[in-house]
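# What the coordinates show
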Amino acid sequence: MRRRFGLYAALSLCVFGIPATAASERFERWSLEQPGDFILALSFKRSISFDDRAATSELAFLCNQEEKYVAVLLIPLDGTFKNRQNSIPVVIQKIEEQSDASDLTQRWENGPGYIFLESPATQEKLASYLKDREAESVKSVHVFFPNDLDASTQTTNHMVIDVSGFSSGVATFTSRCEQAQ
C-alpha cells in the first residue's frame, strides 16, 4: 500500500502540473522535471485536439527519491481509457500497422485512468526497447492497449511516443534517481 501511495502522489504531481522546484531539462520531446521535493519525472507528452477539445497523453518514468521507488505511468488521452481488468496487455510496435519480432508485449497494472509498471525488470525491458528503437533511428513507437469490450469508446487505445532524445534523458534520470538512493 505504501508504494501505491507514492505512485498516486507522483501521478498527481505530474498530471495536475504542480510547478517544478527546479528547471526542467529537455531531451528532444522528453522532459526531465522535479515536480516535487522528492519526485523526479522523465516524461513525453503529446497533445491533440479531438471532439472540440485539447487532450494530452503521457508516458512518464517517475522516481520517488524519498521512498527509493520507481514507476512508469502511461496516461492515455482524457476519457479514452476504460478497463476494469487488474492487468492490461500492452503492445509496443515500431511500425503502426505491422508487427515484427522487435515488438514488445508486456502486462501493465491498471490504475484510475492510467496504467503503470512497478516491476524493475519490466521497466528495464521498456527502457531498453525505447533505446534500441532510437538507436535504429526510429522516430516514434506505437503503443496499443485495450478498453473493456463494453466501453463506450473505441476498443483499443493507440498512443504515439517519440523516442528521439530518450536515451540521453533516461541516462540522466537514472543517474539522478540513483544518486538520491
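Residues numbered from 1 in each chain as written. Predicted model: local features only at pLDDT ≥ 70, side-chain atom pairs only at ≥ 80, totals over all residues. Heavy atoms only, no water.

### Considerations on the pairing of strand β9 (residues 140-146)
Among the 7 residues that make up β9, 6 are buried, leaving the element largely enclosed by the rest of the structure. As paired elements, strand β6 (residues 87-93) and β9 share 3 bridges and run antiparallel to each other. Bridge pairing in β9 places Gln93 opposite His142. Bridging between β9 and strand β10 (residues 156-162) involves 7 bridges; their strand directions are antiparallel. Within β10, the position partnered with Ser140 by the bridge is Asp162. (Buried < 20%, exposed > 50% of the residue type's maximum accessible area, 1.4 Å probe, protein only. Helix = DSSP H or I, 4+ residues; strand = E, 2+ residues; numbered from the N terminus. Pairing = 2+ DSSP bridges.)

### Some words on the state of the cysteines
Summed over the entire model, instances satisfying the criterion amount to 1 disulfide. The side chain of Cys63 participates in a disulfide bridge whose partner is Cys177; the two sulfur atoms lie 1.9 Å from each other. What sets the handedness of the Cys63 and Cys177 disulfide is the S-S torsion sign, and at about 80 degrees it is right-handed. Taken as a pair, Cys63 in strand β4 (residues 53-64) and Cys177 in helix α3 (residues 166-180) lie far apart in primary sequence, 114 residues in all. For the pair Cys63 and Cys177, one class covers both residues: buried. (Disulfide = S-S within 2.5 Å.)

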